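Chains, contacts and geometry: an overview
In case you want the letters, here they are:
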Amino acid sequence: MQLGHAVGFPQTKQQKLFEKSFSELSCEIKENVTQDQSASLPPSYDSIFGQFKDTHSSSCSLECLKKVLGMFAGTFGCTLSLMLLLALPLSMIVIGTLYKDDCPIEPFIPIYLIVGGSFGIIKTIVIIIQRILYGEDSFSKDAVSDELPEKTPIAWMLIDSVLNLFLFTWFVAGNIWVYSKYKPYFVPPPHEPMNYCNKNLYMFSFWIITFSYIIMGLICVCTCCLGLCASCTAYFVTSSNNQRNESH
C-alpha cells in the first residue's frame, strides 16, 4: 500500500504539469491565430487616410506632389474623371471641325464650337494644375508656401478670371449666333443654296447651349429648395426652443 501511494503521487504531479503546459500551448495558438487574422485583413480606412494626411502635411511640396500623384494618377477614378471633364470640349472641337464649311447661313456656329471647346480644355487643365499645386485652398492666405513666389496665387486668379470672362462672353455670342437662326434649312434649298446649316452641327450647338440653361435652372431650383428647407427648419427649432423656455 505504501508503494502504491508513493507511485500514485508522482502521477498526480505529472498530470498537473501536463494540464498547465497544455493550457499555455492553447493560449499561444490562439494568439498566433489572432495575429495571422489581423495581418491578413486589408488596411482600414483610418490607416489609409492617416497615410494620406501625413503625406499632405509633409514639409516638402515636391515630395508631397510626387506621393499624391503616385497614389491617384494610376487609378481608374482619376482617368474616368479626366475623360468626363474633357469629353464635352473635345466633342465640340470635333463637331465644329467636321462641319466647318457646312453652315453658310451662320459661319460663326462651327467657329463657336471650336473656340469654345479649345478654351474649355484650357480651363480644365488650369483647374487640374491648381488642384495639384495648391490643393483645395488654392487662393487662401495660408496656402502659399515659403518656397513659392508670393504673387503666384494672384497670377492664377488672374488667369482664371480672364478665362471665365472670355468663356462667358463667348457663350453669350454663341446664343446670338445659334438662336437667331432658329430654325434653318438643313438641306440647301434650290432657290437659296447658301441658306442652310448642317443638321448635326446646328442641333449639337443648339442643345449644348440649351442644356447649359437647363443645368443652371436646376441649380437655382435646388438652391432655393435647400434655402427654404433650412429656413423652415430654423423656424421650427426656434419655435420649439421658445415654447420650452416659456414652459420653464
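Note that the coordinates shown come from a computational prediction; the quantities given were computed from them, not determined experimentally.

Overview of the overall build of the protein
The helix and strand inventory of the protein stands at 7 helices and 0 strands. Along the chain direction, N to C, the helices and strands of the protein fall in the order α-α-α-α-α-α-α. Split into buried and exposed, the 248 residues of the protein put 19% on the buried side. Pairs at least 24 apart in sequence give 62% of the contacts found in the protein among residues at least 6 apart. Summed over all atoms, the accessible surface of the protein reaches about 18,700 Å², with 68% contributed by carbon and sulfur.

Looking at the UniProt feature "transmembrane region" (unreviewed entry) in the protein
Under the feature "transmembrane region" (unreviewed entry), the UniProt entry names residues 68–99, 111–133, 154–179 and 204–237. Helix makes up 100% of residues 111–133 and strand 0%, whereas the separation of the span's terminal C-alpha atoms amounts to 33 Å. The span residues 204–237 carries 100% helix and 0% strand; its end-to-end C-alpha distance comes to 49 Å.

Digging into helix α7 (residues 199–247)
Taking 1.5 Å as the rise per residue, α7 with 49 residues should run 72 Å; its terminal C-alpha atoms sit 71 Å apart, in good agreement. Along α7, the residues that are buried comprise Leu-201, Tyr-202, Ser-205, Phe-206, Ile-208, Ile-209 and Thr-210. Among the residues of α7, the N-terminal cap falls to Asn-198, whose side-chain oxygen and the backbone nitrogen of Asn-200 are separated by 2.9 Å.

What counts as what
Residues numbered from 1 in each chain as written. Predicted model: local features only at pLDDT ≥ 70, side-chain atom pairs only at ≥ 80, totals over all residues. Heavy atoms only, no water. Helix = DSSP H or I, 4+ residues; strand = E, 2+ residues; numbered from the N terminus. Buried < 20%, exposed > 50% of the residue type's maximum accessible area, 1.4 Å probe, protein only. Contact = heavy atoms within 4.5 Å. Areas by Shrake-Rupley, 256 points an atom, 1.4 Å probe, with all protein chains shown as cover. UniProt positions renumbered as here; feature names shortened; annotations may be inferred. Expected span 1.5 Å × (residues − 1). Polar contact = N/O pair within 3.5 Å; in protein donor to acceptor, adjacent residues only side chain to side chain.

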